[in-house]
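Chain and residue survey
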Amino acid sequence: MPNSARAAGLAGRWKALCEAAGLTAAVGEGERLIAAYSEPHRRYHGLAHVAFLLDEIDRRAALLRDIEVVAFAAWFHDAVYDPRAKDNELRSAIWAGEVLAAAGFAPERTQAVEAMILKTISHHTGEASADEALFLDMDFAILGAPPAIYADYAESIRAEYAFVPDEQFRAGRGAFLVAVLAQPRMFRTEIYEQERGAQARANIHSEIARLTA
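This structure is a prediction, so every number in the text was calculated from the model and none was measured.

1. Let's talk about the side chain of serine 156
- Within the secondary structure, serine 156 sits in helix α8 (residues 147–160).
- Excluding anything up to four places from it in sequence, serine 156 contacts Arg43 and Tyr44.

2. Some words on the packing of aromatic side chains
- Scanning the entire structure with this criterion turns up 11 aromatic pairs.
- When the centroid spacing of 5.8 Å and the interplanar angle of 35 degrees are considered together, the rings of tyrosine 161 and phenylalanine 163 count as tilted.
- One aromatic cluster is present, built from ring pairs that chain together Trp14, Phe72, Trp75, Phe76, Trp95 and Phe105.
- In this arrangement the basic side chain of arginine 84 is found over the ring face of phenylalanine 163, its NZ or CZ atom lying 3.9 Å from the centre.
- Over the ring of phenylalanine 169 we find arginine 158, and its NZ or CZ is 4.3 Å from the ring centre.

3. Here's the deal with the layout of surface pockets
- In this structure, the largest pocket spans a volume of roughly 1,100 Å³.
- Along the walls of the largest pocket sit 36 residues, with His45, Tyr81, Glu89, Tyr161 and Phe176 positioned nearest its centre.
- Secondary structure elements with two or more residues in the lining of the largest pocket: α5 (88–103), α7 (130–140), α8 and α9 (166–181).
- The dominant element in the lining of the largest pocket, judged by the number of residues it contributes, is α9, at seven residues.
- Split into classes, the residues belonging to the lining of the largest pocket amount to 17 nonpolar, 12 polar and seven charged.
- Its volume calculated, the second largest pocket comes out at about 460 Å³.
- Where the lining of the second largest pocket is concerned, the elements lending two or more residues are α1 (3–20), α3 (47–59) and α8.
- Looking at the lining of the second largest pocket residue by residue, the class counts come to 10 nonpolar, five polar and six charged.

Rules and cut-offs
- Residues numbered from 1 in each chain as written.
- Predicted model: local features only at pLDDT ≥ 70, side-chain atom pairs only at ≥ 80, totals over all residues.
- Heavy atoms only, no water.
- Helix = DSSP H or I, 4+ residues; strand = E, 2+ residues; numbered from the N terminus.
- Contact = heavy atoms within 4.5 Å.
- Phe/Tyr/Trp six-rings, centres within 6.5 Å; stacked < 30°, edge-to-face > 60°.
- Lys NZ or Arg CZ within 6 Å of the ring centre and 35° of its normal.
- 1 Å grid on protein atoms, 1.4 Å probe; cavity = no way out; pocket = protein on both sides within 12 Å on 5 of 7 lines; lining within 4 Å.
- Points joined across faces, edges and corners; volume = space filled by probe spheres on them.
- Nonpolar A, V, L, I, M, F, W, Y, C, P; charged D, E, K, R; others polar.

Pasting the structure below:
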């Protein structure tokens, strides 16, 4: 889907979310968010990723306790994305907190959005609520995508880190993938583990093989 069409569709979804949450004052923030996710260096962490997460949230709506909190986390979790930086999640959480608080979102729900975003610093470590676990699995669902889609994802990640020399990238990416494989399971929730866990392991093994060839 062309980015212009996807952006228009996402603008409508942002407006609907804000209105459903009673945050009409935040509707205009959608333009800033869409502009951020449209930055040219975003080859994976862009509009398509946000759209995928929102679709997953809709698909899992019956399992979520607070779907609006999870949807706002999806919108803001990669709002700041600089591959050279180490504080993207923190800055994204701060952005979310400022916007939602100013628009009148309940403090405890605003804090829940911020906490959910910060959980994405490390998907596998620490305790997580049921909603947080589902959100983290949605964000990592690409690992268990069909092989061709996973291969496109891996190429997109390499493109986002084009400034990193090949040898250094292979080492860093390989270490990340090995650490993911070392986890006792690929996903926190049983539903994602059953649907995507085996494929995720196969995909990661294949990428490691390509990186070390």
